[in-house]
Amino acid sequence: QIPKDPTQQWLRELTALSQQLQQVHPNVLAKILKERTVYQNEEIVVIDKPYGLPVHGGPGVKNCIADVLPILAKMLENMKAEPLHLCHRLDKETTGVMVLARSKEAAEKIRLLFKTRQVEKIYWAIVLGDPDPVEGIVEIPIVEKEVQSHQSHYKMTLAPNYRLRPEDGKAVKVRRNRNAERAVTRYRRLAAASACSLLELQPITGVKHQIRVHLAYGLGCPILGDHKYSHWSKLAPQKLPELTLRRLKLEQSKARHLPLHLHAHRLCLPLGRPLDFVCKPPFFFQKTLRKLELDIPKD
């Protein structure tokens, strides 16, 4: 059954594409990644990571980037090339700039740059609502917690250092959660329309799901298509504002098909000299920007 509605058809195609990446032969996947290579030198290979492709294997994952690194290395160099190495990770649904290293030594050097926060990372995200203020820094520790609901599941969440005292509204320091990690995200609004905003984000720290948690729970602006962090106590599709649904030509019942709109837009790597890599948002992201009338800033 081919849906008549173009939006539904486009969302179907995207879902099908993610599933396809899971079913193709590893050689085909390596070839797709080779075609998405944006830069290479003797130390590194930079790819534009596609949507819906996990970096690591896990339950139900047939294909992932880690598994095809030996094949990709041979395709890029020659049959004797040693496998490429991962230097950092992106979520399965996140697209954009990803750095791979040609040797163990290079990988360790780059991992250290990430660890010591010398790599500048810029993400773009389409979010629901409008952050207030329109630019700033979210600095709230993050911790993983089990959500007790009819479907128990784990989620990252905020572990703030302060709370407001109900009796007089005064800010009081709370006991630090020992498992919480420090998390800092800079954000800036680039455009706003259709009850949504396009944000530029710079994670200063690198905690799991940090951007998603800071936006959803810290700013109250969950990422469009982030069904995991749009509610706390339940696993349910994101609820979209009327205006957004209208602009996207989408019914609320179909919102669950919306992909996560988070893109690793730019990465600056100080390797001897600063190397700057930029990946344009994927086609579906650009399409959403057009539909929501969010103007992409000219770089």
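Report on the accompanying structure. If you're wondering where the values come from, they're calculated on a predicted model, not measured in any experiment.

## As for the packing of aromatic side chains
Under the criterion given, the structure shown has 3 aromatic pairs. Between Tyr39 and Phe277, the ring centres sit 5.1 Å apart and the planes meet at 50°, which makes this aromatic pair tilted. Highlighted residues: Tyr39 in strand S1 (residues 37–40) and Phe277 in strand S14 (residues 273–278), separated in sequence by 238 residues.

## Side note on empty space enclosed by the protein
Inspection of the entire model under this criterion finds 2 cavities of 30 Å³ or more. Roughly 40 Å³ of volume is contained in the largest cavity. Around the largest cavity sit His88, Leu90, Val97, Lys121, Tyr123, Ala264, Arg266 and Leu267, which together line it. Of all the secondary structure elements, the ones that give two or more residues to the lining of the largest cavity are strand S5 (120–128) and strand S13 (262–271). For the lining of the largest cavity, the element with the highest residue contribution is S13, accounting for 3 residues.

## Thoughts on the packing of helix H2 (residues 26–35) against helix H3 (residues 65–76)
Axis separation between H2 and H3 bottoms out at 8 Å; the angle between their running directions is 65°. With respect to H3, the axis of H2 lies roughly perpendicular. Between H2 and H3 lies a crossing whose hand is right-handed. Between H2 and H3, the residues in contact are Pro26, Asn27, Leu29, Ala30, Lys31, Leu33 and Lys34 and Ile65, Val68, Ile71, Leu72, Met75 and Leu76, respectively. Looking at the contact of H2 with H3, its residues break down into 10 nonpolar, 1 polar and 2 charged.

## Topic: helix H7 (residues 283–291)
Three or more residues of H7 are buried, namely Phe284, Phe285, Thr288 and Leu289. Axial view of H7: buried residues confined to an arc of 145°, hence all on one face. In H7, the exposed positions angled more than 90 degrees off the buried face are occupied by Phe283 and Arg290. Following H7 by one or two positions, Glu293 has its phi on the positive side, about 60°.

## Description of the pairing of strand S8 (residues 153–158)
Of all the 6 residues making up S8, 5 are buried; the element is thus mostly covered by neighbouring parts of the structure. Here strand S7 (residues 142–147) pairs with S8 via 6 bridges, running antiparallel. Across the sheet, Val147 pairs through a bridge with His153, a residue of S8. Counting the residues in the hairpin turn of S7 and S8 gives 5 residues.

Rules used throughout
- Residues numbered from 1 in each chain as written.
- Predicted model: local features only at pLDDT ≥ 70, side-chain atom pairs only at ≥ 80, totals over all residues.
- Heavy atoms only, no water.
- Phe/Tyr/Trp six-rings, centres within 6.5 Å; stacked < 30°, edge-to-face > 60°.
- Helix = DSSP H or I, 4+ residues; strand = E, 2+ residues; numbered from the N terminus.
- 1 Å grid on protein atoms, 1.4 Å probe; cavity = no way out; pocket = protein on both sides within 12 Å on 5 of 7 lines; lining within 4 Å.
- Points joined across faces, edges and corners; volume = space filled by probe spheres on them.
- Axes fitted to C-alpha atoms, helices over the stretch in contact; angles between N-to-C directions.
- Parallel < 35°, antiparallel > 145°, perpendicular 65-115°, else oblique.
- Left-handed = near helix turned anticlockwise from the far one by under 90°.
- Contact = heavy atoms within 4.5 Å.
- Nonpolar A, V, L, I, M, F, W, Y, C, P; charged D, E, K, R; others polar.
- Buried < 20%, exposed > 50% of the residue type's maximum accessible area, 1.4 Å probe, protein only.
- Arc of directions from axis to C-beta.
- Pairing = 2+ DSSP bridges.

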